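What the coordinates show
If you want the building blocks of each chain, they are given just below.
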Amino acid sequence: MNPFIMRHWRGAGALFATLLWLGGCSTLAAPPTATPAQRDSLAAFALEGRFSLHHDDKNYSGRLSWRHDGANNELLLASPFGQGMAQITTSDSGARLTTSDGKVYVASNSEMLTRQVLGYPLPLAQLTDWVRGRGAAGLAELDGQGRPLRLRHEDWRIDYEYDSSEAQALPSRLFAERADGLTLRLRIDEWSSLP
């Protein structure tokens, strides 16, 4: 593959990976057993989806697989064609980003890692709640079913869409925008509740 394209995807993986940071990880080796996921009770989860990220004049897109269980997270980022770009794992013991060419970045937490990789910290610990449609009380606009339509956190605005009309449906689309113009779109194709 063209070295320029490889650098582009590695940069996209590192940038998006640090955006989706949280706390720790399990393994992505086998797909989880599908269990109906309910928004209010969902704790440990796995999701499959697609992302696009726009920052300054750069645009990135691809696929993601994410497993979250307590303080542990594992995030695998791939190109739209399925080629691995980066793997991120986080836990109580720290955060680690491994790129497709074997480069490894390590920090004591996800905020420090984003500062190291991107040059500034991001509120990544909140993304675990954001993706499930949870946020600080009083900062969410709700629809008629009681589901979040818009959430605000510091200088971030998060908008949601749902494929189901169920009151406990999990978001299928998330659009997060920061005041400085950084935008992240997630299309979640599959949610699973982990035991």
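Structure first, text after, so check above.
Predicted model, so just to flag it, every value in this text is computed and none were measured. (Residues numbered from 1 in each chain as written. Predicted model: local features only at pLDDT ≥ 70, side-chain atom pairs only at ≥ 80, totals over all residues. Heavy atoms only, no water.)

1. Description of the pairing of strand 4 (residues 84-91)
Here is the rule we go by: Paired strands are those between which DSSP finds at least two bridges. For helices the rule is a DSSP run of H or I covering at least 4 residues; for strands it is a run of E covering at least 2, with both sets numbered from the N terminus onward.
The pairing of strand 3 (residues 72-78) with strand 4 spans 6 bridges and is antiparallel. When the sheet's bridge partners are listed, leucine 76 is paired in strand 4 with glutamine 87. Here strand 3 folds back onto strand 4, and the loop between the two strands holds 5 residues, one of which, glycine 82, carries a positive phi near 95°. A loop of 2 residues connects strand 4 with strand 5 (residues 94-99), the two strands running antiparallel in sequence.

2. Description of unusual backbone geometry
What counts here: Only protein chains enter the area calculation, which uses a 1.4 Å probe; residues under 20% of their type maximum are buried, those over 50% are exposed, and those in between are partly exposed.
For aspartate 56, which is not glycine, the phi torsion reads 55° and is therefore positive. Tracing the chain through its elements places aspartate 56 in the loop between strand 1 (45-55) and strand 2 (58-69). Aspartate 56 sits in the exposed class, given a relative accessible area of 58%. In the Ramachandran plot, glutamate 154 falls in the positive-phi region, its phi being about 50° despite a non-glycine side chain. The topology assignment puts glutamate 154 in the loop between strand 8 (148-153) and strand 9 (156-161).

3. Some thoughts on the side chain of arginine 147
Quick reminder of the rule: In what follows, residue pairs with any heavy atoms lying within 4.5 Å of each other are defined as contacts.
Tracing the chain through its elements places arginine 147 in the loop between strand 7 (140-142) and strand 8. Its relative accessible area of 8% is what places arginine 147 among the buried residues. Residues contacting arginine 147, with those up to four places away along its chain left out, are Arg39, Glu141, Leu142, Tyr162, Ser164, Ser165, Glu166, Ala167 and Ala169.

4. Considering the sheet that holds strand 6 (residues 104-107)
Filter applied, for reference: Axis definition: a line fitted to C-alpha atoms, over the contacting stretch in the case of helices. Angles run 0 to 180 degrees between N-to-C directions.
Pairing within the open sheet is antiparallel, and its 11 strands lie in the order 6-5-4-3-2-1-11-10-9-8-7. The open sheet terminates on both sides in strands that have one partner only, identified here as strand 6 and strand 7. On average, adjacent strands in this sheet sit at an angle of 15° to one another, irrespective of strand direction. The sheet contact formed by strand 8 and strand 9 spans 4 bridges and is antiparallel. Looking at the pairing, arginine 152 lines up with arginine 157 of strand 9.

5. A few points about the packing of aromatic side chains
The test is simple: Only Phe, Tyr and Trp rings are paired, with Trp represented by its six-membered ring, and only when their centres lie within 6.5 Å; those with planes under 30 degrees apart are stacked, over 60 edge-to-face, the remainder tilted.
The final tally for this structure, using the stated rule, is 3 aromatic pairs. On the basis of an interplanar angle of 65° and a centroid distance of 5.4 Å, the ring pair of phenylalanine 45 and tryptophan 191 is categorised as edge-to-face. Linking phenylalanine 45 in strand 1 with tryptophan 191 in strand 11 (residues 183-193), this pair joins segments that are 146 residues apart in sequence. Through successive ring pairs, a cluster of aromatic residues spans Phe45, Trp66 and Trp191.

These values are about where atoms sit, not about what they do.
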